[in-house]
Protein chains: 2
Amino acid sequence: MRDQNPARGLQRAELARRTGANLETVRYYEKVGLLPPPPRTASGYRSYDKAHERRLSFVLRGRELGFSLDEVRALLRLVDERDQPCAEASRLAATHLADVRTKIADLRRMEGVLKRVVAQCGDGTRPDCPLIETLFRETTVE
Amino acid sequence: MRDQNPARGLQRAELARRTGANLETVRYYEKVGLLPPPPRTASGYRSYDKAHERRLSFVLRGRELGFSLDEVRALLRLVDERDQPCAEASRLAATHLADVRTKIADLRRMEGVLKRVVAQCGDGTRPDCPLIETLFRETTVE
DNA sequence: CTTGACCCTGTAGTTACTACAGACCTTACC
DNA sequence: GGTAAGGTCTGTAGTAACTACAGGGTCAAG
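Source: prediction; values computed, not measured.

1. Observations regarding the protein's contact with DNA strand C
Here is step 1 of the chain: In the region of DNA strand C, 22 residues are neighbours, and Arg12(A), Arg27(A), Arg46(A), Ser43(B) and Arg63(B) sit closest.
Here is step 2 of the chain: Within 4 Å of the protein, atoms of DNA strand C come from sugar and phosphate in 74% of cases.
Here is step 3 of the chain: Arg40(A) is positioned with one of its side-chain polar atoms (N or O) 3.1 Å from a phosphate oxygen of DNA strand C.
Here is step 4 of the chain: With respect to DNA strand C, the side chain of Tyr28(B) contributes an N or O atom lying 3.5 Å from a base nitrogen.
Here is step 5 of the chain: Elements that contribute at least two residues to the surface near DNA strand C include exactly helix H1 (12–19) of chain A together with helix H2 (23–31) of chain B.
Here is step 6 of the chain: The dominant element in the surface near DNA strand C, judged by the number of residues it contributes, is H2(B), at five residues.
Here is step 7 of the chain: Among the residues making up the surface near DNA strand C, the classes are represented as seven nonpolar, six polar and nine charged.

If you want it as structure tokens, here you go:
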């Protein structure tokens with residue numbers, strides 16, 4: 001069994017397990033500057049603490065809300081450098097919310113067309129496949 | 001003025017313009033096998049015809065419906081090789097429709113959380129930013 | 001002292017393009 | 001005939017956000 005003593009810090013796999021991140025993602029986030037490089041043991045192993053865990057969770061939750069890594073980086077900068085980050089953070093969130101709504105609208109348009117053609121295809125015995133005809137003939141957007 | 005005589009075929013830029021594709025995308029689709037390599041002029045220029053235009057439009061419309069290039073490739077194979085492609089095509093579309101609906105559900109969850117936090121942030125004068133607190137504290141998914 | 005489980009690094013692969021750089025060709029105009 | 005502007009060609013590198021090795025080092029238990 002590996003060392004679980006909190007005074008010695010978490011290994012990468014433990015941090016990944018505790019946060020739900022993929023093992024490789026932890027190293028990736030360090031590489032792109034979203035996680036600070038942790039101290040190393042004598043043999044070069046990374047040793048994380050609670051602050052790393054907190055920060056990694058922040059990034060992962062940001063990702064769950066659909067923020068890009070650049071947006072998460074901006075949010076982290078606000079956390080680190082600003083006293084009153086709410087106005088800027090809220091602006092970022094509002095912009096992102098608009099992006100999300102645009103994506104939903106796009107997907108709903110796709111859903112509508114797909115639903116229609118799947119219904120028209122029925123049991124798939126038609127010689128003129130409505131899906132294929134749609135792709136050849138129609139514009140899918142007005 | 002360039003040659004517009006249909007007997008001589010379309011150049012790449014013309015094909016792109018007529019279909020709405022990006023110029024580089026045309027070559028890319030050829031490279032990944034979605035468009036057949038067109039005949040070349042004596043000096044090596046690609047020369048497209050109506051069949052290419054039709055096929056490229058098919059790919060672009062498939063993309064507008066959110067199909068991956070692999071899925072579009074599969075649909076094109078059905079068009080080329082099968083007499084009765086509708087059953088298989090419809091299955092592909094139904095699978096893709098389910099994917100689209102999953103994405104919509106994900107985005108709606110994001111939208112709900114973002115809408116809430118943006119509302120809570122209000123004019124951005126709060127010292128405890130609801131967005132940042134959410135990212136640090138909550139799980140965004142139940 | 002070996003086995004197995006972890007850790008390290010750097011790099012390559014993924015999707016679907018997009019954007020060059022450097023070279024060649026064609027056309028219009030003078 | 002010359003030249004400048006615009007097309008075209010190729011291959012390659014860049015984008016986002018990871019993910020997955022390969023080839024090596026380390027560490028603890030039996």
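2. Quick word on the packing of helix H4 (residues 69–81) of chain A against helix H5 (residues 86–121) of chain A
All names here are of chain A.
Here is step 1 of the chain: Following both chains from N to C, one finds H4 and H5 inclined at 165 degrees, their axes separated by 10 Å at the closest point. Viewed along their axes, H4 and H5 adopt a mutual orientation that is roughly antiparallel. Where H4 crosses over H5, the two elements pack in a sense that is left-handed. Listed contacts from H5 to Glu71, Ala74, Leu75 and Leu78 of H4 are Glu88, Ala89, Leu92, His96 and Asp99.
Here is step 2 of the chain: Looking at the contact of H4 with H5 residue by residue, the class counts come to five nonpolar, one polar and three charged.

Rules used in this analysis
- Residues numbered from 1 in each chain as written.
- Chains lettered and ligands numbered in written order.
- Predicted model: local features only at pLDDT ≥ 70, side-chain atom pairs only at ≥ 80, totals over all residues.
- Heavy atoms only, no water.
- Near = heavy atom within 4 Å.
- Polar contact = N/O pair within 3.5 Å; in protein donor to acceptor, adjacent residues only side chain to side chain.
- Helix = DSSP H or I, 4+ residues; strand = E, 2+ residues; numbered from the N terminus.
- Nonpolar A, V, L, I, M, F, W, Y, C, P; charged D, E, K, R; others polar.
- Axes fitted to C-alpha atoms, helices over the stretch in contact; angles between N-to-C directions.
- Parallel < 35°, antiparallel > 145°, perpendicular 65-115°, else oblique.
- Left-handed = near helix turned anticlockwise from the far one by under 90°.
- Contact = heavy atoms within 4.5 Å.

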